[in-house]
Amino acid sequence: MLVGHLALIVAAIFTGAALYINVAEQPARLSLDDQSLLAEWKPAYKRGYSMQATFAIVGFLFGALSWWLTGRLAFATGAILMLANWPWTIFGILPTNKALMATEISNAGANTRALLIKWNRLHAVRTGLGGLAVVAFLLALSSN
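Residues numbered from 1 in each chain as written. Predicted model: local features only at pLDDT ≥ 70, side-chain atom pairs only at ≥ 80, totals over all residues. Heavy atoms only, no water.

Here we look at the overall build of the chain
- Along the chain, the regular secondary structure elements total 5 helices and 0 strands.
- Helices (α) and strands (β) of the chain occur, in sequence order from the N terminus, as α-α-α-α-α.
- Counting only C-alpha atoms, the chain reaches 55 × 25 × 20 Å along its principal axes.
- Sorting the 144 residues of the chain into buried and exposed places 41% on the buried side.
- Taking as baseline every contact in the chain between residues at least 6 positions apart, the subset at least 24 positions apart corresponds to 82%.
- For the chain, the computed accessible surface area is about 7,300 Å², with 71% contributed by carbon and sulfur atoms.
- Computed over 10 positive and 5 negative side-chain charges, the inter-centroid distance for the chain is 12 Å. (Helix = DSSP H or I, 4+ residues; strand = E, 2+ residues; numbered from the N terminus. Buried < 20%, exposed > 50% of the residue type's maximum accessible area, 1.4 Å probe, protein only. Contact = heavy atoms within 4.5 Å. Areas by Shrake-Rupley, 256 points an atom, 1.4 Å probe, with all protein chains shown as cover. Lys, Arg positive; Asp, Glu negative; His and termini not counted. Charge placed at Lys NZ, Arg CZ, Asp CG, Glu CD.)

Structure follows, in structure tokens:
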């Protein structure tokens, strides 16, 4: 089932990228001073947002198509988990993103650092949703 495998691949790429942000990029960024921290986060966020948003939608579409073709509930579950990244980002993460984007780099301080630490915790939910989608797609592909 090619479409199901594509759903799994996209979910795995999404999850790998999200995990990298949580365990490598963000901790490295936190070693910078407050102004450099924000200066690095802003363009990284803009680039990462479009990549992750695209993978979430494509993973959902492949998962939903796989469910439609096979009727396997695990494909629908994985698809919904991938799609859940959108409302989580809009309602859970976006207020923090807006506060960070509105902060002038020259005004970055302890509050900015605290927001970026919070942002990483919020972003970890995306990593978890992606990981659960990977598990769901693996289960769907392993069932007959």
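Alright, that's what it looks like, and here's the rest.
What about the nonpolar core?
- One finds Ala 11, Met 82, Ala 133 and Phe 137 to be the most contacted residues of the largest nonpolar core, which totals 13 residues.
- For this core, the leading source of residues is helix α5 (residues 110-142), giving 5 residues.
- Apart from residues lying up to four places away in sequence, Ala 133 is in contact with Ala 11, Gly 78, Leu 81 and Met 82.
- The next biggest cluster of nonpolar side chains, apart from the first, holds 12 residues, and it includes Ile 21, Trp 41, Ile 93 and Leu 122. (Core = buried A, V, L, I, M, F, W, Y, C linked by side-chain atoms within 4.5 Å.)

Considerations on the pattern of salt bridges
- In the structure shown here, the tally under the stated rule is 3 salt bridges.
- Here Glu 25 and Arg 29 are joined by a salt bridge, their closest N and O atoms 2.8 Å apart. Taken together, the residues Glu 25 and Arg 29, both in helix α1 (residues 2-29) and 4 residues apart, mark about one turn of the helix.
- Residue classification places Arg 29 among the buried positions, given a relative accessible area of 2%.
- The salt bridge involving Arg 113 is made with Asp 34; its shortest N-O contact spans 2.7 Å. (Salt bridge = Lys/Arg side-chain N within 4 Å of Asp/Glu carboxyl O.)

Thoughts on the packing of α1 against helix α2 (residues 34-70)
- One can describe the packing of α1 onto α2 by two numbers: an axis separation of 8 Å at closest approach and a directional angle of 160°. It follows from the interaxial angle that α1 and α2 lie roughly antiparallel. Seen from above, α1 lies across α2 with left-handed handedness. (Axes fitted to C-alpha atoms, helices over the stretch in contact; angles between N-to-C directions. Parallel < 35°, antiparallel > 145°, perpendicular 65-115°, else oblique. Left-handed = near helix turned anticlockwise from the far one by under 90°.)

Looking at the confidence of the model for the chain
- Per-chain confidence: the chain averages 96 in pLDDT, with 99% of residues scoring 70 or above.
- The spread of mean pLDDT over the elements of the chain runs between α2, the lowest at 95, and helix α3 (residues 73-83), the highest at 98. (pLDDT = per-residue confidence, 0-100.)

Things to note about the packing of α1 against α5
- It is the contact of α1 with α5, at a shortest axis distance of 8 Å, that shows an interaxial angle of 155°. As summarised for this structure, α1 and α5 are arranged roughly antiparallel, according to the angle between their axes. The crossing of α1 and α5 is left-handed.
- The class makeup of the residues in the contact of α1 with α5 is 17 nonpolar, 10 polar and 2 charged. (Nonpolar A, V, L, I, M, F, W, Y, C, P; charged D, E, K, R; others polar.)

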